[in-house]
Amino acid sequence: MLDRFRLDGKVALVTGGNRGLGRAIGRALAEAGADVALMARDEERLRDAAREVGATGRRVLAIPGDVARREDAERAVARTVEELGGVHILVNNAGVNIRKPFLEYRDEEWEQVLAVNLRGVMFMSRACGPHLIRQRWGRIVNIGSTLSVVGNQERSIYAATKGAVLQLTRVLALEWAPHNVTVNCVCPGPIATEMTAPVQQNPETNKAFMDKTPLRRWGTPEDVAACVLFLSGEASGFVTGTALLVDGGWTAQ
Ligand code: NDP
C-alpha cells in the first residue's frame, strides 16, 4: 500500500515553490521520488529552495516566472517537459492576499489578486493540460483556502478568487476525468508562513484565529504538503473534484 504514495518516475511542477507551502510541497514530492520544477518570481529564494529540494537526491529545476503572465506559464511548462522529460503533476500553489475592507480596495488591487490567484491557475492548467491528457495520467492539485468555502472579514478579493479556484477544480475534474487526469483542491486554514505573519504577530488577530481553530495551533507547511502528496499519486486515483480542508477544524463548526 505504501507504494501507492510513491512518485518515482513522475515529474511535478510547483508554482510559488520558493518559500512557504510551495517549498514544503516541493520537498515532500521529491522525497516521494518525483523530479520537481519550482516556479516563482524571486530568483534568489528560488535558488535556495532548489538547493534544499535537490538535497533529496532528485532532479530539481528552478524556473523564474510570474504565473499571471501567460508567456511565463507556457515557458515554465515547456522547460519542465524539455529539461525533466515530461510533466505529470501540477501544483497551483502561487497566491497573494491583500486584507482590507471591501470599499477600500483600489481597482489595481483587485486586478493583482485576480491575476495571480485565478488567472495564474488558468494559465498553468491550460499549459499543462494537453500533456496530462495525452499521456492519460495527470494530477492537478490547486491550493484553495478555507475561504474557498466560508467567508471572513477584510478578505473579499481573496475569498472571491479562492471560491473560484474550487469551482474551476470541479469543472476541470469533470472535463478531464475521461482522460484519467484528476483535479483536486487542498484548502488550508491558518498555516504559519510569511503570508500570515501579520496575523500571527498581532496578539489580537492571533488570538481570534486560534479561538476559531479547534486544534488550537497554527498549521505547518508540512501539514499541507502531506495532503498534496496524497493527491499527487496513485493513492488518490479515485479522488477527483474534491476539496480537502486542512484547517484544524475551522470549517467543521
Ligand atoms: P507565501 O506568501 O509564503 O508564498 C507565496 C508564494 O507564491 C511565494 O513562493 C511567491 O513567490 C509565490 N508567488 C506569488 N505571486 C506569484 C506570481 N505572480 N507568480 C509566481 N509565483 C508567485 O504564502 P503561503 O506559502 O502561505 O501560501 C501558498 C498558497 O497557499 C497561496 O495560494 C495561499 O493563498 C494559500 N493559502 C495559505 C494559507 C496560509 O495560512 N498560509 C491559508 C490558505 C491558503 P514570489 O513572490 O517570489 O513570486
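As the structure is a prediction and not an experimental result, all values here were calculated from the model.

J.: Would you take a moment to explain the overall build of the chain for this structure?
T.: Helix and strand counts for the chain come out as 8 helices and 7 strands. On C-alpha atoms alone, the chain measures out to a radius of gyration of 17 Å, which is about the 18 Å that the 2.2 N^0.38 rule sets for 253 residues. Over its C-alpha atoms, taken along the principal directions, the chain stretches across nearly 50 × 40 × 35 Å. Every one of the 253 residues in the chain was classed for burial, and the buried ones make up 52%. Counted over contacts in the chain with a minimum sequence separation of 6, partners at least 24 positions apart contribute 72%. Between the centroid of the 31 positive side chains of the chain and the centroid of its 29 negative side chains there is a distance of 3 Å.

J.: How should I be thinking about the side chain of S236 in this particular structure?
T.: Tracing the sequence through the fold places S236 in the loop between α8 (221-232) and β7 (243-246). Since its relative accessible area comes to 0%, S236 is described here as buried. Side-chain polar atoms of S236 contact the backbone oxygen of G233, separated by 3.2 Å. Setting aside residues up to four positions removed in sequence, S236 forms contacts with R139, F230 and L231.

J.: Would you take a moment to explain the packing of aromatic side chains for this structure?
T.: Given two aromatic rings, their pairing is described by the distance between the two centres and the angle made by the two planes. All chains considered together, the criterion is met by 5 aromatic pairs. Ring centres of F5 and F230 lie 6.3 Å apart, and the angle between their planes is 35°; on these two criteria the pair is classed as tilted. Taken together, the residues span a long stretch of sequence, with F5 in the segment before β1 (11-15) and F230 in helix α8 at a distance of 225 residues. Taking relative accessible area as the criterion, F230 reaches 26% and is therefore assigned partly exposed. Where F209 meets W250, the ring centres are 5.2 Å apart and the plane angle is 65°; that geometry is what we call edge-to-face. Taken together, the residues F209 in helix α7 (residues 203-211) and W250 in the segment after β7 connect sequence positions 41 residues apart. Comparing F209 with W250, the two get one shared label, buried. What links up through ring pairs into an aromatic cluster is the set F102, Y105 and W110. Over the ring of W137 we find K10, and its NZ or CZ is 4.4 Å from the ring centre.

J.: What's the story with the site of the ligand in this structure? I'm lost.
T.: Around the ligand, the structure places 29 residues, and the nearest of them are N18, R41, N93, Y158 and T193. In the model, an oxygen atom of the ligand is placed 2.5 Å from a nitrogen or oxygen of the T193 side chain. Within the complex, the protein chains bury 96% of what would otherwise be the 880 Å² of accessible surface of the ligand. For the shell around the ligand, the class distribution of residues is 12 nonpolar, 11 polar and 6 charged.

J.: I'm lost on the sheet that holds β7 in this one. Help?
T.: Note on sheets: strands pair through backbone hydrogen bonds, and any given pair is parallel or antiparallel. Strands sit in the order β3-β2-β1-β4-β5-β6-β7 across an open sheet of 7 strands; the sheet is parallel. Single-partner strands in this sheet number two, and they are β3 (60-64) and β7. Across the sheet, the mean angle from the axis of one strand to that of its neighbour is 15°, orientation sign disregarded. Contacts between helix α2 (residues 43-54) and the sheet are confined to β2 (35-40) and β3, with β3 contributing the most and set at about 170° to the helix.

J.: Got a minute to help me understand helix α4 (residues 107-134) in this structure?
T.: Turn by turn, an α-helix covers 3.6 residues, leaving residues three or four places apart pointing in a common direction. Along its 28 residues, α4 runs 39 Å from first to last C-alpha, staying within 8% of the 40 Å computed at 1.5 Å per residue. For α4, the principal kink sits at A115 and spans about 40°. Taken from the residues just after α4, R136 is the one with a positive phi, measuring 55°.

J.: In this structure, what is going on with the pattern of salt bridges? I would like to understand it.
T.: Two side chains of opposite charge can pair, provided their charged atoms sit close to one another. Under the definition given, this model contains 22 salt bridges. Here R217 and D223 are joined by a salt bridge, their closest N and O atoms 2.9 Å apart. R217 sits in the partly exposed class, given a relative accessible area of 41%. Connected through salt bridges with shared partners, the residues R23, R27, D48, R51, E52 and E222 form a single ionic network.

J.: Is there a simple way to think about the packing of helix α3 (residues 70-84) against α4 in this case?
T.: How two helices sit against one another is set out by the angle between their axes and by the gap between those axes. Viewed as axis vectors pointing N to C, α3 and α4 meet at an angle of 35°, and their least axial separation amounts to 8 Å. In the packing of α3 onto α4, the handedness of the crossing is right-handed. Of the residues in α4, those touching α3 at R70, A73, E74, A76, V77 and V81 are F123, M124, R126, A127, C128 and H131.

Reading guide: rules and limits
Residues numbered from 1 in each chain as written. Predicted model: local features only at pLDDT ≥ 70, side-chain atom pairs only at ≥ 80, totals over all residues. Heavy atoms only, no water. Helix = DSSP H or I, 4+ residues; strand = E, 2+ residues; numbered from the N terminus. Rg over C-alpha atoms; globule rule 2.2 N^0.38 Å. Buried < 20%, exposed > 50% of the residue type's maximum accessible area, 1.4 Å probe, protein only. Contact = heavy atoms within 4.5 Å. Lys, Arg positive; Asp, Glu negative; His and termini not counted. Charge placed at Lys NZ, Arg CZ, Asp CG, Glu CD. Polar contact = N/O pair within 3.5 Å; in protein donor to acceptor, adjacent residues only side chain to side chain. Phe/Tyr/Trp six-rings, centres within 6.5 Å; stacked < 30°, edge-to-face > 60°. Lys NZ or Arg CZ within 6 Å of the ring centre and 35° of its normal. Near = heavy atom within 4 Å. Areas by Shrake-Rupley, 256 points an atom, 1.4 Å probe, with all protein chains shown as cover. Nonpolar A, V, L, I, M, F, W, Y, C, P; charged D, E, K, R; others polar. Pairing = 2+ DSSP bridges. Axes fitted to C-alpha atoms, helices over the stretch in contact; angles between N-to-C directions. Expected span 1.5 Å × (residues − 1). Bend = angle between axes of the 7 residues up to and from the residue. Salt bridge = Lys/Arg side-chain N within 4 Å of Asp/Glu carboxyl O. Left-handed = near helix turned anticlockwise from the far one by under 90°.

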